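Descriptive analysis of the structure
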Amino acid sequence: MKSLCVMRRASYAIRDAHYALRTGTKKTPRETRGPKYLAPQFIAGSARTKMPDKFMSEDFLLQNKTTRILYHEHAEKMPIYDYHCHLPAKQIADDHRFDNLTQAWLYGDHYKWRAMRTNGVPERYITGCAGDYEKFEKWAQTVPYCLRNPLYHWTHLELKRYFGIKDKLLGPDTAKDIYKACSEMLRTPDFSVRNILGKMNVKLICTTEDPLDSLEHHKKLRQDGFQVKVHTAWRPDRAMGVEEVGDLNKWIDALGRACDMQIQDYGSYLEALRKRHAYFHENGCRLSDHGLETAYSEDYTEKEIEKIFDKIRAGQALDAAERLKFKSAMMIEFAEMDCESGWVQQLHLGALRNNNTRLFEALGPDIGCDSIGDFEIARPLSRFLDRLDCKGKLPKTILYNLNPRDSDLVAAMIGNFQDGVAAGKMQYGSAWWFLDQKDGIEEQIRVLSNMGLLSRFVGMLTDSRSFLSYPRHEYFRRILCNILGSDVEAGLLPNDLDLLGKMVEDICFNNAKNYFPMELD
Ligand SMILES: [Zn+2]
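What you see is a predicted model; the values in this text were computed from it and never measured.

Comments concerning the environment of Ile377
Along the chain, Ile377 falls in the loop between strand E7 (371-372) and helix H17 (378-390). You can call Ile377 buried: it has 24 C-beta atoms within 10 Å. Between the C-alpha atom of Ile377 and that of Thr294, which follows or precedes it by 83 residues, the distance is 5.6 Å. The contact partners of Ile377, leaving out residues within four places of it in the chain, are Thr294, Leu349, Gly350, Asn401, Asp406, Leu409 and Val410.

Here you go:
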């Protein structure tokens, strides 16, 4: 392999010499064409990790003049309204400071963990007991192999936007310098997590909490008068976790303690959940989030659910039909609570979770072993939304699909239940998780444009556990502007930059601000 590299390098040198003789220029063909044509494996040492000129320039992802005007004059200045993420509220309340880049970047980021495993990195350096710098080194070794994975763009965008690292690519040669420079910055007050959010012009974020959460950190944040609004979102997945009856019972016991009541039957279970829902509302919650394989909507009677609940409390496992009925009942109850309280509900549909038993047993959920499922979506989703609509109990709803197969059907579904009460009441949510990349974002925008009103879209969210993920909004905005600007240049949209600029600003921020019932000021 090594000798092959040497031979190829030599052949480049001979070719360059011929080129110079032929053209009379001292520049080699590689220099004339620009650095993006260089094959990285043939560049010696640190030159390999130098940021080439065009890569991530200020016009990154913006392919023509109109596109650039839309981004630089309209999208770029808009604040961020991050209505769904998984940031730890405690770290915001404590105004946490990270000691190093590994803590800020690699702790908890299962996208990176998955890439590292794929690159052959042993678990010890991913979630194991290796030191922070050792883990970072393994990540830095992985990054050059992430070319064309969104992680490659995100990584360099984050290094640029937060740390001002503009001229280096992350790789083994630059790992030490980048780690040192970023870690030093992270230890300064300027890089406390609240200041990180402020730097990114974030106006509001919604974290995601279990109904048992005390919300003490959200309370503290409100008392502190932190200028970024931090709301919680109600995520009651565990309340219907009927696959593990033992765990569910423990959760129900804890719910009883939180509400200071005995939960012996289904009626008291619902009463306790309503109490927690009201408690979340008192503490500023205005939206829910559900991680579901599909929108459960089996037929059931109240009596059946009462019996199933008694079975759960007796510690008896449920059969498949009982599990579906119970989840279907809970979904309706939760949606009705949301509707009565004027909340927005979000359904994240289609993840096949915890596929790897060995890693699940060692590390638990959310560690990078989830993937795309192929559950039936259309009919159950239609039944679920229709049931609520018939009762006049359908809240504002955002639907996200994980399987790209379902994009058109979900985008088409929302049109069935728009009711003229609020513009864009039913939303087709932004590209999520495995679809949160350039192709997926473009596809979501294309599908929503064809089936609905893109102009009414509430836009991007980070869905991230990392404070360094905010450039994902920039990434989305550049792609959005590129699509609209390219349509103008192709004559598909009018060259009316007031009209289009307003549309861009609305999708970036104004639509979300008007859609969600949270106050900004
Ligand atoms: Zn999420």
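Picking up where we left off.
Description of the domain arrangement of the chain
Looking at the assigned domains, one finds that the chain contains domain 1 (98-191) and domain 2 (235-457). Just the C-alpha atoms count here: the centres of domain 1 and domain 2 sit 34 Å apart. Listed per partner, the contact involves five residues of domain 1 and six residues of domain 2. Taken together, the residues that form the side of domain 1 that touches domain 2 break down as two nonpolar, two polar and one charged.

A short note on helix H21 (residues 497-515)
Along H21, the helix axis deviates most sharply at Asp506, where the bend reaches about 60 degrees. Listed as buried for H21 are Leu500, Met503, Val504, Asp506, Ile507, Cys508, Phe509, Asn511, Ala512 and Tyr515. Contacts from the buried residues of H21 go to helix H3 (65-75), strand E1 (80-82) and helix H20 (471-489).

What to know about the environment of His218
In this structure, His218 sits in helix H11 (residues 216-224). The exposure class assigned to His218 is buried, which follows from the 22 C-beta atoms found within 10 Å. Between the alpha carbons of His218 and Thr207 there is a distance of 9.4 Å; along the sequence they are 11 residues apart. Dropping the residues within four chain positions of it, His218 is found in contact with Ala89, Val230, Thr232, Asn283 and Gly284.

Considerations on the pairing of strand E8 (residues 396-401)
If a strand is regular, its side chains alternate between the two faces of the sheet. A large share of E8 lies buried, amounting to six of its six residues. Covered by surrounding structure in E8 are Lys396, Ile398 and Tyr400 together with Thr397, Leu399 and Asn401, the residues of both alternating faces. Of the strand pairs in this sheet, strand E5 (residues 344-349) and E8 are connected by six bridges, and their pairing is parallel. Paired with His348 across the strands is Tyr400, a residue of E8. The pairing of E8 with strand E9 (residues 426-428) spans three bridges and is parallel. Bridging from a neighbouring strand, Thr397 pairs with Met426 of E9. Handedness of the crossover joining E8 and E9 through helix H18 (residues 407-416): right-handed.

Rules behind the numbers
- Residues numbered from 1 in each chain as written.
- Predicted model: local features only at pLDDT ≥ 70, side-chain atom pairs only at ≥ 80, totals over all residues.
- Helix = DSSP H or I, 4+ residues; strand = E, 2+ residues; numbered from the N terminus.
- Buried ≥ 20, exposed ≤ 12 C-beta atoms within 10 Å, placed from the backbone.
- Contact = placed C-beta atoms within 7 Å.
- Domains from an automatic or database assignment.
- Nonpolar A, V, L, I, M, F, W, Y, C, P; charged D, E, K, R; others polar.
- Bend = angle between axes of the 7 residues up to and from the residue.
- Pairing = 2+ DSSP bridges.
- Right-handed = clockwise from strand over helix to strand, strands pointing away.

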